[in-house]
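As a plain string of letters, each chain reads:
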Amino acid sequence: MTDRVIVRRPQVRRSDLVAHVTGFAAAVALFCFSSCVFAQSKGDAARGEAKSAACAACHGTSKSPPLAGMPALGRQQPEFLVLQMFLIREGLRDVPEMRGMLNGWSDRDLGDVAAYFAAQTLPPANAKADAALHARGAALAQGMGCASCHFGNFEGQRQIPRIATQREDYLVASLKAYRDNKRTGIDTSMNAAMYQVSDADIAALAHYLAHYK
Ligand code: HEC
Ligand code: HEC
């Protein structure tokens with residue numbers, strides 16, 4: 001039997017998410033209000049490097065890949081990094097491994113660290129791709145319209161992350177977290193995009209993106 005790629009239209013399960021998103025939107029609006037001037041200025045990457053010595057052990061650098069299950073931050077969109085660090089600092093995104101690590105960090109610190117990681121290149125590519133799984137992932141990504149938000153080459157833009165060449169295990173975990181409503185980002189786009197997507201389809205999407213060229 002051949003695997004058929006099923007194209008789904010995103011649906012939003014509003015009842016589950018609306019309360020969460022309301023509080024969340026307020027927090028993000030407050031953040032924007034307090035730091036829009038900073039968001040428009042470029043962070044100081046040298047200052048960010050000094051500040052982020054402890055982060056590279058898990059997240060990697062240009063020379064070393066991140067640890068298993070940890071997202072690479074190199075070449076990531078700086079505005080996405082700032083926003084995620086803000087969410088983690090404020091306890092709106094729970095990352096047990098990082099609990100308390102951003103306490104006392106100013107918004108300027110977030111911007112400087114984001115500028116540092118965004119300017120990093122990525123470590124050498126992931127192991128060889130499985131051709132069939134890769135092709136299935138490519139068809140799914142096209143059918144599900146991932147590039148309509150993540151843009152050409154899946155490089156992202158502003159608060160939308162780069163997802164090309166991210167670690168495969170992290171992609172699997174994050175896509176499942178959105179599907180299962182365990183992670184909500186700045187809005188519910190990803191929860192809608194992943195609504196009822198199977199584990200097998202998630203595996204194919206992650207494989208394709210991790211090996212994107
Ligand atoms: C002990 C390991 C560890 C350390 C040290 C660590 N992190 Fe993390 N970080 C994680 C994990 C694990 C995640 C992803 C959690 C998840 O699955 O949602 C994460 C997520 C992130 C994200 C979101 C990335 C994305 O693609 O969504 C950012 C940004 C981040 N960390 C920044 C930092 C910074 C800045 C530091 C240093 C102050 C740091 N981290 C230190 C483990 C770590
Ligand atoms: C309607 C716009 C939209 C669509 C369609 C979309 N995304 Fe996203 N995606 C986002 C936004 C916005 C975020 C950031 C959410 C957050 O703050 O957590 C995101 C985050 C992600 C992340 C988390 C990356 C990280 O580093 O933590 C992954 C992985 C991802 N998307 C993959 C996909 C895939 C695969 C598809 C297609 C099946 C897709 N996205 C479709 C808007 C979209």
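Residues numbered from 1 in each chain as written. Chains lettered and ligands numbered in written order. Predicted model: local features only at pLDDT ≥ 70, side-chain atom pairs only at ≥ 80, totals over all residues.

Caption draft 1: Representation of the overall build of the protein in the model. Summing up its helical and strand segments, the protein has ten helices and zero strands in all. Helices (α) and strands (β) of the protein occur, in sequence order from the N terminus, as α-α-α-α-α-α-α-α-α-α. Intrachain contacts of the protein at a sequence separation of at least 6 include 77% that bridge at least 24 residues. (Helix = DSSP H or I, 4+ residues; strand = E, 2+ residues; numbered from the N terminus. Contact = placed C-beta atoms within 7 Å.)

Caption draft 2: A look at the nonpolar core. Formed by 19 residues in total, the largest nonpolar core has its most connected members in Leu-171, Leu-175, Leu-205, Ala-206 and Leu-209. Sorting the residues of this core by element identifies α8 (168-179), α9 (189-193) and α10 (199-210) as the ones contributing at least two each. Among the elements that line this core, the one with the most residues is α10, at seven residues. Not counting residues within four places of it along the chain, the set of residues in contact with Ala-206 comprises Glu-168, Leu-171, Val-172 and Leu-175. (Core = buried A, V, L, I, M, F, W, Y, C linked by C-beta atoms within 7 Å. Buried ≥ 20, exposed ≤ 12 C-beta atoms within 10 Å, placed from the backbone.)

Caption draft 3: Local environment of the packing of α8 against α10. Interaxial distance between α8 and α10 falls to 9 Å at its minimum, and their mutual angle equals 140 degrees. It follows that α8 is oblique to α10 by the angle criterion. You can see that α8 and α10 cross each other, and the crossing is right-handed. Packed against α8, whose contacting residues are Glu-168, Leu-171, Val-172, Leu-175 and Lys-176, the element α10 presents Ile-202, Ala-203, Leu-205, Ala-206, His-207, Leu-209 and Ala-210 at the interface. (Axes fitted to C-alpha atoms, helices over the stretch in contact; angles between N-to-C directions. Parallel < 35°, antiparallel > 145°, perpendicular 65-115°, else oblique. Left-handed = near helix turned anticlockwise from the far one by under 90°.)

Caption draft 4: Molecular detail of the site of ligand 1. Near ligand 1 you find 20 residues, and of these Cys-55, Cys-58, Pro-71, Gln-84 and Glu-97 are the closest. Of all the secondary structure elements, the ones that give two or more residues to the shell around ligand 1 are α3 (56-59), α4 (78-89) and α8. Of the residues in the shell around ligand 1, the class split is 15 nonpolar, four polar and one charged. Formed jointly, the shell around ligand 1 draws a minimum of three residues from each of two domains, domain 1 (14-118) and domain 2 (131-210). (Near = placed C-beta within 6 Å. Nonpolar A, V, L, I, M, F, W, Y, C, P; charged D, E, K, R; others polar. Domains from an automatic or database assignment.)

Caption draft 5: Structural view of unusual backbone geometry. Non-glycine residue Phe-151 carries a positive phi angle of around 70 degrees. Relative to the elements of secondary structure, Phe-151 occurs in the loop between α7 (146-150) and α8. Classification of Phe-151 by C-beta neighbours within 10 Å gives partly exposed; the count is 17. Here the phi dihedral of Thr-165 falls at roughly 60 degrees; this positive angle occurs in a residue that is not glycine.

Caption draft 6: Structural context of the site of ligand 2. Inspection of the region around ligand 2 gives 21 residues, with Met-144, Cys-146, Cys-149, Gly-185 and Ser-189 positioned closest. The leading source of residues in the shell around ligand 2 is α7, at four residues. Here the residues of the shell around ligand 2 sort into 14 nonpolar, seven polar and no charged.

Caption draft 7: Broad picture of the confidence of the model for the protein. Averaged over every residue, the pLDDT of the protein is 85; residues scoring 70 or more account for 80%. Counted against residues more than four places away or in other chains, residues 6-20, with its pLDDT under 50, gives 17 contacts. (pLDDT = per-residue confidence, 0-100.)

Caption draft 8: A look at α4. Taking 1.5 Å of rise per residue, the twelve residues of α4 would be expected to cover 16 Å, and the 16 Å separating its terminal C-alpha atoms lies within 8% of that figure. Most of α4 sits inside the fold, with ten of its twelve residues counted as buried. Where α4 is concerned, the buried positions are Pro-78, Phe-80, Leu-81, Val-82, Leu-83, Gln-84, Met-85, Phe-86, Leu-87 and Arg-89. Of the residues one or two after α4, Gly-91 is the one with positive phi, at around 75 degrees. (Expected span 1.5 Å × (residues − 1).)

Caption draft 9: Geometry of the environment of Gly-69. Residue placement: Gly-69 occurs in the loop between α3 and α4. On the basis of neighbour counts, which here come to 12 C-beta atoms within 10 Å, the residue Gly-69 falls in the exposed class. The spatial distance from the C-alpha of Gly-69 to the C-alpha of Tyr-170 is 4.9 Å, given a sequence separation of 101 residues. Each residue touching Gly-69, except ones within four places of it in the same chain, is listed here: Asp-169, Tyr-170 and Ala-173.

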